[in-house]
Amino acid sequence: MLVLGIESSCDETGIALYDTDKGLIADTLYTQVELHAQYGGVVPELASRDHIRKLTPLILQTLEDAHISKDALDGIAYTAGPGLIGALLTGTSVARSLAYALDIPAIGVHHMEGHLLAPMLEDNKPEFPFICLLVSGGHTMIIRVDGIGQYKLLGETLDDAAGEAFDKTAKLLELGYPGGPNVSNLALKGESGRYIFPRPMVDRPGIDMSFSGLKTFTRNTWLKAVAEGDSSEQTKADICRAFELSVAETLTIKCKRALEQEGLNRIVVAGGVSANREIRAKLDQLMKKRRGESFYPRLEFCTDNGAMIAYAGAQRLLAGQCNDLNFAATPRWSLEDLPPIKVTLKE
Ligand code: KG4
Ligand code: ZN
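Residues numbered from 1 in each chain as written. Chains lettered and ligands numbered in written order. Predicted model: local features only at pLDDT ≥ 70, side-chain atom pairs only at ≥ 80, totals over all residues. Heavy atoms only, no water.

Asks: So what's going on with the overall build of the protein chain? Residues and values would help.
Replies: In terms of regular secondary structure, the protein chain is built from 10 helices and 10 strands. With the C-alpha coordinates of the protein chain rotated into their principal frame, the extents come out at 65 × 45 × 30 Å. Across the 347 residues in the protein chain, those meeting the buried criterion constitute 54%. Within the protein chain, contacts between residues at least 6 apart in sequence are counted, and of these 73% link residues at least 24 apart. (Helix = DSSP H or I, 4+ residues; strand = E, 2+ residues; numbered from the N terminus. Buried < 20%, exposed > 50% of the residue type's maximum accessible area, 1.4 Å probe, protein only. Contact = heavy atoms within 4.5 Å.)

So, in structure tokens, the structure goes:
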């Protein structure tokens, strides 16, 4: 089964072709980063307009580069939520129209399920069940995964998402947008130990998280340094280092609790923040100590992309699921509401 995947939930237009027998055939990404950079964050209306401009040419280019005719498609998978409603509607409209014209099924994919299943695009795939740490710009969740569509939320952030905390730290330190990679790169030059930041909510039982207090702590530390006449690059780097370490250790402590609670020893990390090297290093350390396994998507599939949507949609289409043309894009959508499917994962 050959599936066209369309991702347009935020500031990236992603198009991919996934074949359930042959694997990933094509993957194209257009990022709007430059468009939004001057505003210091995503401007939803500009995002929607840019998706409209880019979607159709990107689909045609992806098919042409792969030497595949649109008539060879067996189904279309598009991101139906969660995300920015205007941006979601552009992909949804294009996907549904194309499916209608070609008379093939279409399925609305949950963006976070796409992220969660992205490690399945790698040669070294995790087996079910596992614990998944899903960390993106809008979500921070720890989930028990027993199969596709079998998700139990064990803990989540009560306020800011981890990615949001990275982005706000970058904004505070004037490191530009998107913030995560910039904070992380500057942290490499930071001296560890000059600042010690709190590990939020680790002294309380449970798997829920909170990053807004850490954000305030970071802000106060920076404002104090500035007031003392020290706004040097080194101080910024030292703050980035302390902030990143605090996020990485907090997430690792919560993942350890989830593994212990569920009696599992396999962890999957996905979503934009899973590209972070300190988080990967801390989780690898934990899993080495536990003699367990950790799985991540390749770096380009950590952040938003069409391949993860094509993959997740293909699994559901293969299992006979699809949506009729009335299926609406939805900015809010719980992962736990997704129907389960029984699948045999293809190599
Ligand atoms: O999954 P994603 O591409 O979009 C959403 O679904 O939100 O995640 C984007 C988030 C942003 O907050 C970005 O700053 C963060 O992922 N991010 C990182 C890194 N790369 C991306 N955060 C920390 N370290 C990174 N290397
Ligand atoms: Zn995402």
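Past the structure itself, the notes keep going.
Asks: Tell me what's going on with unusual backbone geometry, and back it up with residues and numbers.
Replies: Omega for the peptide link from Gly81 to Pro82 comes to -15°, which places this bond in the cis form. Relative to the assigned elements, Pro82 resides in the loop between strand S4 (75–81) and helix H3 (85–102). With an omega dihedral of -5°, the bond running from Tyr177 to Pro178 counts as a cis peptide bond. Checked against the element boundaries, Pro178 lands in the loop between helix H5 (162–172) and helix H6 (179–187). Within the chain, Asp103 stands out as a residue other than glycine whose phi angle is a positive 55°.

Asks: Tell me what's going on with the packing of H5 against H6, and back it up with residues and numbers.
Replies: Close contact between H5 and H6 brings their axes to 7 Å; oriented N to C, the two are set at 70°. Relative to H6, the element H5 is oriented roughly perpendicular. Here the hand of the crossing between H5 and H6 comes out left-handed. Residues Phe166, Asp167, Thr169 and Ala170 of H5 form the contact with H6, whose own contacting residues are Gly179, Gly180 and Val183. Residues of the contact of H5 with H6, tallied by class, amount to 3 nonpolar, 3 polar and 1 charged. (Axes fitted to C-alpha atoms, helices over the stretch in contact; angles between N-to-C directions. Parallel < 35°, antiparallel > 145°, perpendicular 65-115°, else oblique. Left-handed = near helix turned anticlockwise from the far one by under 90°. Nonpolar A, V, L, I, M, F, W, Y, C, P; charged D, E, K, R; others polar.)

Asks: I'd like to hear about the site of ligand 1, residue by residue, with values.
Replies: Neighbouring residues of ligand 1: 16 residues in total, closest His115, Gly137, Asp167, Gly180 and Gly272. Here His111 contributes a side-chain N or O atom positioned 3.1 Å from an oxygen atom of ligand 1. In the environment of ligand 1, a nitrogen atom lies 3.1 Å from a nitrogen or oxygen atom belonging to the side chain of Asn276. Calculation on ligand 1 without its partners gives an accessible area of 550 Å², and the protein chains cover 87% of this total. Looking at the shell around ligand 1, the elements that each hand over two or more residues are helix H4 (111–117), H5 and H6. Residue contributions to the shell around ligand 1 peak at 3 residues, all from H5. Its residues assigned to classes, the shell around ligand 1 shows 4 nonpolar, 10 polar and 2 charged. The residue makeup of the shell around ligand 1 includes at least three contributed by each of domain 1 (2–117 + 301–337) and domain 2 (128–296). (Near = heavy atom within 4 Å. Polar contact = N/O pair within 3.5 Å; in protein donor to acceptor, adjacent residues only side chain to side chain. Areas by Shrake-Rupley, 256 points an atom, 1.4 Å probe, with all protein chains shown as cover. Domains from an automatic or database assignment.)

Asks: If you had to explain the state of the cysteines to someone new, which residues and values would you point to?
Replies: According to the stated counting rule, one finds 0 disulfides in the structure shown. The closest cysteine sulfur to the non-disulfide-bonded Cys240 is located on Cys302, 20 Å from its own sulfur. By relative accessible area, which is 0% here, Cys240 ends up buried. The closest cysteine sulfur to the non-disulfide-bonded Cys255 is located on Cys132, 8.8 Å from its own sulfur. (Disulfide = S-S within 2.5 Å.)

Asks: Break down the sheet that holds strand S5 (residues 106–110) for me, with residues and values.
Replies: Pairing is mixed in the open sheet, where 5 strands are placed in the order S3-S2-S1-S4-S5. On the outer flanks of this sheet lie strand S3 (23–31) and S5, each paired with one strand and no other. The average angle at which neighbouring strand axes cross in this sheet is 20°, direction not considered. One ladder, built from 4 bridges, connects strand S1 (residues 2–7) with S4; its direction is parallel. Directly across from Gly5, in S4, lies its bridge partner Ala77. Contacts from H3 reach S1, S4 and S5 within the one sheet, and its direction differs from that of S4 by about 160°. Packed on one face of the sheet, helix H10 (residues 306–318) meets S1, strand S2 (12–19), S3, S4 and S5 and runs near 45° to S2. (Pairing = 2+ DSSP bridges.)

Asks: A description of the environment of Leu89 should follow, citing residues and the corresponding values.
Replies: With respect to the helices and strands, Leu89 occurs in helix H3. Overall, Leu89 belongs to the partly exposed group, its relative accessible area being 42%.

Asks: Quick one: what's the story with the coordination of the zinc ion (ligand 2), residue by residue and with numbers?
Replies: The reference angle at a metal is 109.5 degrees if four donors form a tetrahedron and 90 or 180 degrees if six donors form an octahedron. Surrounding the zinc ion (ligand 2) are the protein donor atoms His111 (NE2), His115 (NE2) and Asp304 (OD), which sit 2.0 to 2.1 Å from the metal. In terms of primary sequence, the donors binding the zinc ion (ligand 2) are separated according to H-x3-H-x188-D. With His111 and His115 both in helix H4, this residue pair falls 4 residues apart, about one helical turn. One exposure class covers both His111 and His115, and it is buried. (Donors = N, O, S within 2.8 Å, 3.2 Å for Na, K, Ca; no water.)

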